[in-house]
Amino acid sequence: MTHLELTHIQKSFGNAIAVQDFTLAVQQGEFVSFLGPSGCGKTTTLRMIAGFELPTAGTIQLNGVDLTYTPPNKRNVGMVFQSYALFPNMTVAQNVGYGLKIAGKSKAEIEARVQEMLRLIQMEAFAARYPYQLSGGQQQRVALARALAIHPQVLLLDEPLSALDAKIRLELRQEIRRIQRQLGITTIYVTHDQEEALSLSDRIVVMSQGKIEQIGTPTEIYNEPATEFVAQFVGHINLLPVEVVSPAQGLVRLGQYLIRAGRLGRLNGHAVRLAVRPEELNPGHVEGANNLKGRVESVTYLGAIVRIRLEVEGHLLSLDMFNERRLKIPALGEWLDVSFPVEASWLL
C-alpha cells in the first residue's frame, strides 16, 4: 500500500523554481533514493517531506493524512543530517534519548529504548561517551539511532555519508541498509553518489533542474535510462552521434559502419545518439555482433578495471576490461577490433 505520497509538489524561492511537478508514491518499507547533481532540488524535496520547507503547490500525504502544512514536530518523521547535528554537551545515550524526553516519555521507557537503539547500531559500550570522543562514522550511527528512537513512520537521510572517508562510507552504507531492512521502515535517502543510490535503493528518483528525469529500480535506471541526462549521470556511457538508416530495423550508421541497435527509444528525426556501456564492449571481432575498429588513444588503470579509449570514426569510445594478471594491454596507437551485442545498445 502507498505509505508516503507526494502529488504535483512545487517549490519556488521568489522567481526561482527549485522543484516542479514532483509526483511520487512510496510503499510501506520501501527504500527510495533521490539522486542528482547539486542544485537539482533533491534536498529541498526532502525538507518539504520533513516540514522544514512548505510547498508552493501540491500535497504531501502520509498514511492518507494530509501533512502538507503540518509543523515538523507533528509529522513523526526522523531525519539524519550530513553534519551529524549531535548535541556536544550530551552523552551518546542522552543524544539518542533526546527526542523521547521531549515527547514526555518516562525515564524507564527512555532507558529501554536507548539500550535497544544502541544494540541496533552496535554501540552499547559507547553510551557514556560524548560526541568529541567518537569518530565520524560513530557519530553518524548515533544520529541514526536518535532519528529511529522516536518510532518514526518515515526515515529521511540527507547525504549522511558525504563527510566520511571511502572505507567508512562503505561500512556505514551497509549498516544503514541492514537496519532499514530489519526495522522495515520507509526511507528516503538523498545523495549525489550514484554508487550509493544503486547499492542501497529499491527505487531511485533521478532529478535534474528541479524535475524528475526517471523513476525506476537500480537495474532499470542503469540498463534502461529514459533520457540522455540519466544515461550520462548514472554510470559511464558511450554516446556516439549516428544517422538513422532504417528505424524499423534499428539500423544506424557511424561513418563506414552499419550498427544495429537493440532498443530504439523515441526517434525524433534522423540525428540520434547510440548509447552503449563500456563494460558491454569486448576486444576482437564477433560474428553476429556489432563490430568496429579503433585506434587506442589512452589506457587508464582504475583498480578492478582497465579503461581503454579508442578513436572510432573521429569519436572516442571507452572499453572496460577486468584487470586480471594475464590481461594483454594494447599499446597506444594500436588498432583494435571491438564488438558489442545488438541488445547492449540503444538509441537516444
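None of these values were measured; they are calculated from a predicted model. (Residues numbered from 1 in each chain as written. Predicted model: local features only at pLDDT ≥ 70, side-chain atom pairs only at ≥ 80, totals over all residues. Heavy atoms only, no water.)

Undergrad: So what exactly am I meant to see when it comes to the overall build of the protein chain here?
TA: Helices and strands together make up the secondary structure of the protein chain, namely 8 helices and 20 strands. Structurally, the protein chain occupies a C-alpha span of about 75 × 50 × 35 Å along its principal axes. Taking contacts inside the protein chain between residues at least 6 apart in sequence as the whole, the part at least 24 apart equals 66%. For the protein chain, the exposed area adds up to about 16,800 Å²; of that, 50% sits on carbon and sulfur atoms. In the protein chain, 34 side chains carry a positive charge and 34 a negative one; their mean positions are 6 Å apart. (Helix = DSSP H or I, 4+ residues; strand = E, 2+ residues; numbered from the N terminus. Contact = heavy atoms within 4.5 Å. Areas by Shrake-Rupley, 256 points an atom, 1.4 Å probe, with all protein chains shown as cover. Lys, Arg positive; Asp, Glu negative; His and termini not counted. Charge placed at Lys NZ, Arg CZ, Asp CG, Glu CD.)

Undergrad: I would appreciate a short explanation of the packing of aromatic side chains in the present structure.
TA: The way to describe two aromatic rings as a pair is by their centre distance and the angle between their planes. Per the stated rule, a full pass over the model turns up 6 aromatic pairs. With a centroid separation of 6.4 Å and 20° between ring planes, the pair formed by Tyr-130 and Tyr-132 is classed as stacked. By relative accessible area, which is 67% here, Tyr-132 ends up exposed. Its guanidinium or amino end placed over the ring of Tyr-222, Arg-277 lies 4.0 Å from that ring's centre, counting from NZ or CZ. (Phe/Tyr/Trp six-rings, centres within 6.5 Å; stacked < 30°, edge-to-face > 60°. Buried < 20%, exposed > 50% of the residue type's maximum accessible area, 1.4 Å probe, protein only. Lys NZ or Arg CZ within 6 Å of the ring centre and 35° of its normal.)

Undergrad: Is there a simple way to think about the pattern of salt bridges in this case?
TA: As a working rule, side chains carrying opposite charge can pair if their charged atoms are close by. For the structure on display, the rule yields 13 salt bridges. Arg-273 is the partner of Glu-228 in a salt bridge, and the nearest nitrogen-oxygen pair spans 2.6 Å. One end of the pair, Glu-228, is in helix 8 (residues 228-233); the other, Arg-273, is in strand 14 (residues 271-276), with 45 residues separating them in the sequence. Between Arg-295 and Glu-297 there is a salt bridge, with the nearest N and O atoms lying 2.9 Å from each other. By relative accessible area, Glu-297 is classed as partly exposed at 34%. (Salt bridge = Lys/Arg side-chain N within 4 Å of Asp/Glu carboxyl O.)

Undergrad: Help me understand the sheet that holds strand 15 (residues 282-283), please; the structure alone is not making it clear to me.
TA: Sheet strands pair via backbone hydrogen bonds, and the direction of the pair is either parallel or antiparallel. The strand order 15-19-16-17-18 describes an open sheet built from 5 strands, whose pairing is antiparallel. Pairing within the sheet leaves two strands with one partner each, and these edge strands are strand 15 and strand 18 (315-322). Taken together, the 6 bridges between strand 16 (residues 290-301) and strand 17 (residues 305-312) define a ladder with antiparallel strand orientation. Of the residues in strand 17, the one forming a bridge with Arg-295 is Glu-311. (Pairing = 2+ DSSP bridges.)

Undergrad: Which parts of the structure should I look at to understand the nonpolar core?
TA: Side chains that are nonpolar tend, in soluble globular proteins, to be buried together. Ranked by size, the top nonpolar core spans 34 residues in total, and within it Val-96, Leu-144, Leu-148, Leu-155 and Ile-176 carry the most contacts. Looking at this core, the elements with two or more residues in it are helix 2 (92-102), helix 3 (107-120), helix 4 (136-149), strand 7 (154-158) and helix 5 (166-183). Excluding its chain neighbours within four sequence positions, the residues that come into contact with Leu-155 are Gly-78, Val-80, Leu-144, Ala-147, Leu-148, Ile-185, Thr-186, Thr-187 and Ile-188. (Core = buried A, V, L, I, M, F, W, Y, C linked by side-chain atoms within 4.5 Å.)

Undergrad: Sorry if this is basic, but what is going on with unusual backbone geometry here?
TA: Peptide bonds are trans in most cases, and residues, glycine excluded, mostly fall at negative phi. Here the phi dihedral of Gln-122 falls at roughly 60°; this positive angle occurs in a residue that is not glycine. Structurally, Gln-122 is set in the loop between helix 3 and helix 4. By relative accessible area, which is 54% here, Gln-122 ends up exposed.

Undergrad: Honestly, the side chain of Glu-159 in this entry has me stumped. Any pointers?
TA: Its location among the elements puts Glu-159 in the loop between strand 7 and helix 5. Buried Glu-159, no salt bridge; nearest opposite-charge side chain is Lys-42, N-O distance 4.2 Å. When neighbours within four sequence positions are excluded, Glu-159 is seen to be in contact with Lys-42, Gln-82, Val-190, Thr-191 and His-192.

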